[in-house]
Amino acid sequence: MKLKKIVMLLAGAGLIAALAAGCGNAPAGGDAATGQSQESQQEESKDSQEPAEEPGEAPDSKEESEDSQESAEEPKDSQEPEGEGEAEGEEEENYETGDASLDDPRNQDEIGENELLAVSFGTSYNDNRRLTIGAIEGALESAFPDYSVRRGFTSQIIIDHVKKRDGEVIDNVTEALDRAVANGVRKLVVQPTHLMDGFEYNDLVEEVAGYADSFEQLAVGKPLLTSEEDFQAVMKAITEATAQYDDGETAICFMGHGTEADSNQVYAKMQEVLKEAGFEHYYVGTVEASPSLEDVLAAVKAGEYKRVVLRPLMVVAGDHANNDMAGEEEDTWKTAFESAGYEVECVVEGLGGLEAIQQLFVAHAQAAADSLSGSGE
């Protein structure tokens, strides 16, 4: 049998050894490792418990749920985890999410021997899916002309909801991997759009490792926030995107998903990076972990602000962004700050819509591709 070279981009010698031995567990990690394994799965789920309703962003709270890259989705039927959460339910939706026909599910066959599979938690908000996940996929396609870019979602709830509501068929990770095998793909690079290296990311790594014998070369890229350079790049992206609000009288607050995993520390880390860079009017909190809304509100009250701008620190702007952050109910971030006397503006846009974030995912995918011998990328 032909010897196959598998390179899994993860950190930690322990994980590398485990994968090489065919172990099914994949710890959090860096960018490269070699081996085989078996996986499990879930959306803004294992990285955030999938809502009983429908989520829309990658979670990493067993979250992040964008990617991430975060996060979650559909409304308060919700749930991430890269994150990003979304909600899913049987009740009639009373909101408009956009035209699903404008979104490319990227599940075509006969794609050649090289594939780049972009894996996201997913979102059922059609326009936002196209402007965030779709934009990341488009950036990957432009950067990798020798690869066919395909899509896989980790949230089955979102997949089922979109199919039932809009008739759009999106592959889950297993279906996407099986499709790659059936298409005769020899070199496969998997790039997650998760925000962090949490439960959701590790589940993905395990599942992909289970297909180690199905491809001649296989690599998995890093999530958005992995290295010190990643934090600096994301800080630059979000501060440039909100620079117009930084007038000394406005508190700029970013809402992440949050996770019970150790990787939840990325939020405190981002706050620290912002502070060290002199962005003293920026605050970071989470929906489901810490720092909490109460923590962020207390920090803002300690300042002398007149206004508050709220924006999701999630790859997509799904249920959490539209409801937990910008909703009108009394337990939302918007209502909490308004009740505290602030003028509030909500910017309901996911990180995936920022070109700098798209290019960071491209860089991670490039590192994964470069790890494969003979990669001309």
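Residues numbered from 1 in each chain as written. Predicted model: local features only at pLDDT ≥ 70, side-chain atom pairs only at ≥ 80, totals over all residues. Heavy atoms only, no water.

On to helix H4 (residues 156-166), then. Every buried residue of H4 is listed here: Ile157, Ile158, Ile159, His161 and Val162. Positive backbone phi, at 75 degrees, marks Gly167, one or two positions downstream of H4. (Buried < 20%, exposed > 50% of the residue type's maximum accessible area, 1.4 Å probe, protein only. Helix = DSSP H or I, 4+ residues; strand = E, 2+ residues; numbered from the N terminus.)

One pass over the structure, following the stated rule, counts 21 salt bridges. In this structure, the salt-bridge partner of Lys306 is Glu249, at a minimum N-O distance of 3.5 Å. Note that Lys306 is positioned in the loop between helix H9 (293-301) and strand S8 (307-312) and Glu249 in the loop between helix H7 (228-241) and strand S6 (250-256), a separation of 57 residues in sequence. Given the relative accessible area of 31%, Glu249 is considered partly exposed. Note that Lys334 is salt-bridged to Glu338, the shortest N-O span being 2.8 Å. (Salt bridge = Lys/Arg side-chain N within 4 Å of Asp/Glu carboxyl O.)

By size, the foremost hydrophobic cluster in this structure holds 51 residues, and its most contacted members are Leu140, Leu224 and Met270. In terms of residues, this core owes the most to one element, helix H12 (residues 355-370), which gives 7 residues. Excluding anything up to four places from it in sequence, Met270 contacts Leu225, Phe231, Val234, Met235, Ile238 and Val284. With 19 residues, the next largest nonpolar core counts Met255, Ala336, Phe337 and Tyr342 among its residues. (Core = buried A, V, L, I, M, F, W, Y, C linked by side-chain atoms within 4.5 Å. Contact = heavy atoms within 4.5 Å.)

Of all 6 residues that make up S8, 5 are buried, and the element is covered over most of its length. The pairing of S6 with S8 spans 6 bridges and is parallel. Opposite Phe254, over in S8, you have Arg311 as the bridge partner. Alignment of S8 against strand S9 (residues 343-346), held across 4 bridges, turns out to be parallel. Within the sheet, the bridge partner assigned to Arg307 lies in S9 and is Glu343. (Pairing = 2+ DSSP bridges.)

In this structure the tally under the stated criterion is 5 aromatic pairs. Ring geometry for Phe254 against Tyr282: centres 6.4 Å apart, planes inclined by 15 degrees, an arrangement best described as stacked. You can see Phe254 sitting in strand S6 and its partner Tyr282 sitting in strand S7 (residues 282-286), a full 28 residues away along the chain. Judged on exposure class, the residue Phe254 and its partner Tyr282 are both buried. Ring centres 6.0 Å apart and planes at 85 degrees place the aromatic pair Tyr283 and Tyr305 in the edge-to-face group. Placement of the pair is Tyr283 in strand S7 and Tyr305 in the loop between H9 and S8, with a sequence separation of 22 residues. (Phe/Tyr/Trp six-rings, centres within 6.5 Å; stacked < 30°, edge-to-face > 60°.)

The residue His364 is located in helix H12 in this model. When sequence neighbours within four positions are dropped, the list of residues in contact with His364 reads Gln191, Gly221, Lys222, Pro223, Leu224, Thr226 and Asp230.

For an α-helix the count is 3.6 residues per turn, leaving residues at separations of three or four pointing the same way. Here H7 contains 14 residues, and its C-alpha end-to-end distance of 20 Å stays within 8% of the 20 Å for a straight helix at 1.5 Å per residue. Within the span of H7, buried status applies to Asp230, Phe231, Val234, Met235, Ala237, Ile238 and Thr239. (Expected span 1.5 Å × (residues − 1).)

Next up on the list: the sheet that holds S9. One open sheet holds the 4 strands; their spatial order is S7-S6-S8-S9, and the pairing between them is parallel. The open sheet is flanked by S7 and S9, the only strands paired with a single partner. Between one strand and the next, the sheet's axes are offset by a mean angle of 25 degrees, whatever the strand orientation. Contacting S6 and S7, helix H8 (residues 265-276) runs over the sheet at an angle of about 180 degrees to S7. (Axes fitted to C-alpha atoms, helices over the stretch in contact; angles between N-to-C directions.)

We now examine the packing of helix H3 (residues 133-143) against H12. The interhelical angle for the contact between H3 and H12, taken along N-to-C directions, is 50 degrees, at an axis separation of 9 Å. As summarised for this structure, H3 and H12 are arranged oblique, according to the angle between their axes. Viewed along their axes, H3 and H12 form a crossing whose handedness is right-handed. In this structure, H3 contributes Ala135, Ile136, Ala139, Leu140 and Ala143 to the contact, and H12 contributes Gln358, Gln359, Phe361, Val362 and Ala365. Grouping the constituent residues of the contact of H3 with H12 by class yields 8 nonpolar, 2 polar and no charged. (Parallel < 35°, antiparallel > 145°, perpendicular 65-115°, else oblique. Left-handed = near helix turned anticlockwise from the far one by under 90°. Nonpolar A, V, L, I, M, F, W, Y, C, P; charged D, E, K, R; others polar.)

Okay, the packing of H7 against H8 next. Between H7 and H8, the shortest axis-to-axis distance is 10 Å and the interhelical angle comes to 65 degrees. Relative to H8, the element H7 lies roughly perpendicular. In terms of crossing hand, the pair formed by H7 and H8 is right-handed. Here Glu228, Phe231, Gln232, Val234, Met235, Ile238 and Thr239 of H7 lie close against H8, whose contacting residues are Val266, Lys269, Met270, Val273 and Leu274.

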